[in-house]
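Understanding the architecture of this molecule
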Amino acid sequence: MPKITVHDLLKKKAEKRKITMLTAYDYPFAKIVDEAGIDGIIVGDSLAMVVQGLENTLPVTMDEMVYHTKIVARAVSNAIVIGDMPFMSYQASIGDAVRNAGRFLKEAGASAVKIEGGAEVAEHIRAMTKSDIPVMAHIGLTPQSIHRMGGYKIQGRTKEAAERLIEEAHITEDAGAFSLILEAIPAELAARITKELTIPTIGIGAGPSCDGQVLVLHDVIGLFERFLPKFAKRYVNVKDEVLRAIKNYKEEVENGLFPSDEHSFK
Ligand code: KIV
């Protein structure tokens, strides 16, 4: 199967076929996500929380993002790999944005990048796109703005806020984004944005009408315990399975059952 491109995602929207995305941060999980036939893997800055154990996404660095994106890209044969621009890798200048976005393609092997924000990053999106870097935008709840937003809160609930988000969505499309993440906004608002845009919307907590869905892998498989957002669904509890296996191993070692003859050399 040939590698999925931004054109395939646009085609899926045109043909009304749902797009599937998940995050991944390392080789073994990226390989499984790819084998499952997921269209896109976002190496999200959520890795700060679910892999690095940090309080929020702000501290993860560009070098760390490039490292994780590189090992994900190495594992993937089909899915499009999208590197997530971390906090302060693009806010200070358009030059920063282009240079850092370029690192995801040049050093890490990603095919696109994701950037949080709407109107305030329109010029960044335009400059990155001009440099042949496909950009996915991200509006609604943008976790890098946690301090401005005062927490992880649903966005676009008032009429004014909803109108603003519709405007921002158009601005990102006009700036050249190939796709748009809609995070934690009312389903009806997401449906309207999805209908108005020609680029695919990918929802996370934005209801069923988006052109596609994305979730944080560690929420889906039960590897992040601190909290489970209302919009996330846990399909399996891998933590319990791994815990059972490790306890079993410990018990067998302590009781002299492992290694047995089968696992020893003559
Ligand atoms: O960092 C992240 O995991 C995200 C998701 C919305 C994909 O931004």
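Let's shift gears to the site of the ligand. Contacts to the ligand come from Thr23, Ile42, Gly44, Asp45, Ser46, Asp84, Lys114, His138, Glu183, Ile204 and Val216. The separation between an oxygen atom of the ligand and a polar side-chain atom of Ser46 is 2.5 Å. Note that an oxygen atom of the ligand is positioned 3.3 Å from one of the side-chain N or O atoms of Asp84. When isolated, the ligand has an accessible area of 260 Å², and the protein chains bury 96% of it.

On to a nonpolar patch on the surface. Where nonpolar side chains cluster on the molecular surface, the patch consists of Tyr249, Val253 and Phe258 and spans about 270 Å² of accessible area. By the element assignment, Tyr249 lies in helix H11 (residues 238-254).

If you add up the space inside the largest pocket, you get close to 690 Å³. Around the largest pocket sit 34 residues that line it, and Leu141, Glu183, Ile204, Pro229 and Phe231 are the ones nearest its centre. If you list the elements that add at least two residues to the lining of the largest pocket, you get helix H3 (47-50), strand S4 (112-116) and strand S6 (179-183). For the lining of the largest pocket, the per-class residue count stands at 19 nonpolar, seven polar and eight charged. Empty space within the second largest pocket amounts to approximately 400 Å³. Lining the second largest pocket are 21 residues, with Gly117, Glu120, Thr142, Ser145 and Arg148 positioned closest to its centre. Of all the secondary-structure elements, those providing two or more residues to the lining of the second largest pocket are strand S5 (135-140) and helix H8 (159-175). If one sorts the elements of the lining of the second largest pocket by residue count, H8 sits on top with four residues. Looking at the lining of the second largest pocket residue by residue, the classes come out as six nonpolar, 10 polar and five charged.

Glancing now at the sheet that holds strand S8 (residues 212-215). Spatial strand order, S1-S2-S3-S4-S5-S6-S7-S8: eight strands in a closed barrel with parallel pairing. Across the sheet, the axes of successive neighbouring strands diverge by a mean angle of 25°, strand direction being ignored. Pairing geometry for strand S7 (residues 201-204) and S8, over two bridges, is parallel. Residue pairing for S8: Ile202 is matched across the bridge by Gly212. Contacting S5 and S6, H8 runs over the sheet at an angle of about 175° to S5. Where helix H9 (residues 187-196) meets the sheet, its contacts fall on S6 and S7, and the angle it forms with S6 comes to roughly 170°.

When the domains of the chain are assigned, the result is domain 1 (6-235) and domain 2 (238-266). For domain 1 and domain 2, the distance between their C-alpha centroids amounts to 40 Å.

Calculation notes
- Residues numbered from 1 in each chain as written.
- Predicted model: local features only at pLDDT ≥ 70, side-chain atom pairs only at ≥ 80, totals over all residues.
- Heavy atoms only, no water.
- Near = heavy atom within 4 Å.
- Polar contact = N/O pair within 3.5 Å; in protein donor to acceptor, adjacent residues only side chain to side chain.
- Areas by Shrake-Rupley, 256 points an atom, 1.4 Å probe, with all protein chains shown as cover.
- Patch = residues over 30% accessible without salt bridge, like charges linked within 9 Å, V, L, I, M, F, W, Y side chains within 5 Å.
- Salt bridge = Lys/Arg side-chain N within 4 Å of Asp/Glu carboxyl O.
- Helix = DSSP H or I, 4+ residues; strand = E, 2+ residues; numbered from the N terminus.
- 1 Å grid on protein atoms, 1.4 Å probe; cavity = no way out; pocket = protein on both sides within 12 Å on 5 of 7 lines; lining within 4 Å.
- Points joined across faces, edges and corners; volume = space filled by probe spheres on them.
- Nonpolar A, V, L, I, M, F, W, Y, C, P; charged D, E, K, R; others polar.
- Pairing = 2+ DSSP bridges.
- Axes fitted to C-alpha atoms, helices over the stretch in contact; angles between N-to-C directions.
- Contact = heavy atoms within 4.5 Å.
- Domains from an automatic or database assignment.

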